[in-house]
Amino acid sequence: MPKKAEQPASFETSLEQLEQIVSRLESGDLPLEEALNEFERGVQLARVGQQKLQQAEQRVQILLSDDKDAELKPFTPEND
């Protein structure tokens, strides 16, 4: 049976999870395999967070655009 698609976590939730992973990795108490799994999850969270920040920045740039005659259209994030 295929995995259910996970709902994307909020930026704040992702950041909190990433901070917890960093703390566990810095403790040095994890077995190698578990540390690698945590590192992999941290990289995924960092990438998602970066994407959300880029989307937010793009929305702000659109809103602050100097071109008052620019056509207004709904923002739709790009899916990678």
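Just above sits the structure.
About the criteria used
- Residue positions are counted from 1 within each chain, in the order its sequence is given.
- Under the rules for a predicted model, residues below a pLDDT of 70 receive no local features and side-chain atom pairs below 80 are neither given nor counted, while totals for whole chains, interfaces and linings still include all residues.
- Each side-chain value is worked out from all heavy atoms of the structure, with water and hydrogens disregarded.
- Numbering of helices and strands runs from the N terminus, with a helix taken as a DSSP run of H or I at least four residues long and a strand as a DSSP run of E at least two residues long.
- Three labels apply to residues, based on accessible area from a 1.4 Å probe with only protein chains included: buried if under 20% of the type maximum, exposed if over 50%, partly exposed otherwise in between.
- Here, residues are in contact when the closest pair of their heavy atoms is within 4.5 Å.
- For every accessible area listed, the method is Shrake-Rupley and the probe measures 1.4 Å; residues are considered covered only by the protein chains on display.
- Identification of polar contacts relies on pairs of N or O atoms within 3.5 Å, with a donor-acceptor requirement for protein atoms, meaning one able to donate a hydrogen and the other able to accept it, and with residues adjacent in sequence counted only if both atoms are side-chain atoms.
- Any Lys or Arg side-chain nitrogen located within 4 Å of an Asp or Glu carboxyl oxygen qualifies as a salt bridge.
- Note on patches: the residues involved have over 30% relative accessible area and no salt bridge, like charges join within 9 Å, and the nonpolar side chains Val, Leu, Ile, Met, Phe, Trp and Tyr join within 5 Å.
- All axes here are fitted lines through C-alpha atoms, helices being fitted over the stretch that makes contact, and every angle between N-to-C directions spans 0 to 180 degrees.
- By definition in this entry, angles of less than 35 degrees are roughly parallel, angles greater than 145 are roughly antiparallel, angles of 65 to 115 are roughly perpendicular, and the rest are oblique.
- Helix crossings get a hand from a simple test, with the near helix turned counterclockwise from the far one by less than a right angle marking a left-handed crossing and a clockwise turn marking a right-handed one.
- Residues are sorted three ways: Asp, Glu, Lys and Arg are charged, Ala, Val, Leu, Ile, Met, Phe, Trp, Tyr, Cys and Pro are nonpolar, and all the rest, Gly among them, are polar.

## A look at the overall build of the protein
And then number 1: Helices and strands together make up the secondary structure of the protein, namely 2 helices and 0 strands.
And then number 2: Per-residue burial for the protein yields a buried fraction of 9% across its 80 residues.
And then number 3: Across the protein, contacts joining residues at least 24 apart in sequence account for 50% of those joining residues at least 6 apart.
And then number 4: When the accessible surface of the protein is totalled, it reaches about 7500 Å², and 53% of it is carbon and sulfur.

## Some thoughts on the side chain of Glu 38
And then number 1: Along the chain, the position of Glu 38 falls in helix α2 (residues 32-63).
And then number 2: Within the structure, the side chain of Glu 38 is placed 2.5 Å from the side chain of Arg 24, a separation counted as a polar contact.
And then number 3: Dropping the residues within four chain positions of it, Glu 38 is found in contact with Ile 21, Arg 24, Leu 25 and Leu 30.

## Focus on the pattern of salt bridges
Opposite charge on two side chains permits pairing when their charged atoms draw close.
And then number 1: With the rule as written, the count across this model stands at 1 salt bridge.
And then number 2: The residue Glu 38 makes a salt bridge to Arg 24 at a minimum N-O spacing of 2.5 Å. Remark: Arg 24 occurs in helix α1 (residues 11-27) and Glu 38 occurs in helix α2; sequence separation between them is 14 residues.
And then number 3: Judged by relative accessible area, Glu 38 falls into the buried class, the value being 16%.
And then number 4: A relative accessible area of 36% places Arg 24 in the partly exposed class.

## Let's talk about a nonpolar patch on the surface
And then number 1: Residues Val 60, Leu 63 and Leu 64 make up a contiguous nonpolar surface patch of roughly 350 Å² in combined accessible area.
And then number 2: Position of Leu 63 among the secondary structure elements: in helix α2.

## Observations regarding the packing of α1 against α2
And then number 1: Taken N-terminus to C-terminus, the directions of α1 and α2 make an angle of 150°; their axes are 9 Å apart at the nearest point. By the angle class used here, α1 and α2 are roughly antiparallel. α2 is crossed by α1, and the crossing has left-handed handedness. Where α1 approaches α2, its residues Phe 11, Ser 14, Gln 17, Leu 18, Ile 21, Arg 24 and Leu 25 are matched on the opposing element by Ala 35, Glu 38, Phe 39, Arg 41, Gly 42, Leu 45, Ala 46, Gly 49, Lys 52 and Leu 53.
And then number 2: Classifying every residue of the contact of α1 with α2 gives 9 nonpolar, 4 polar and 4 charged.

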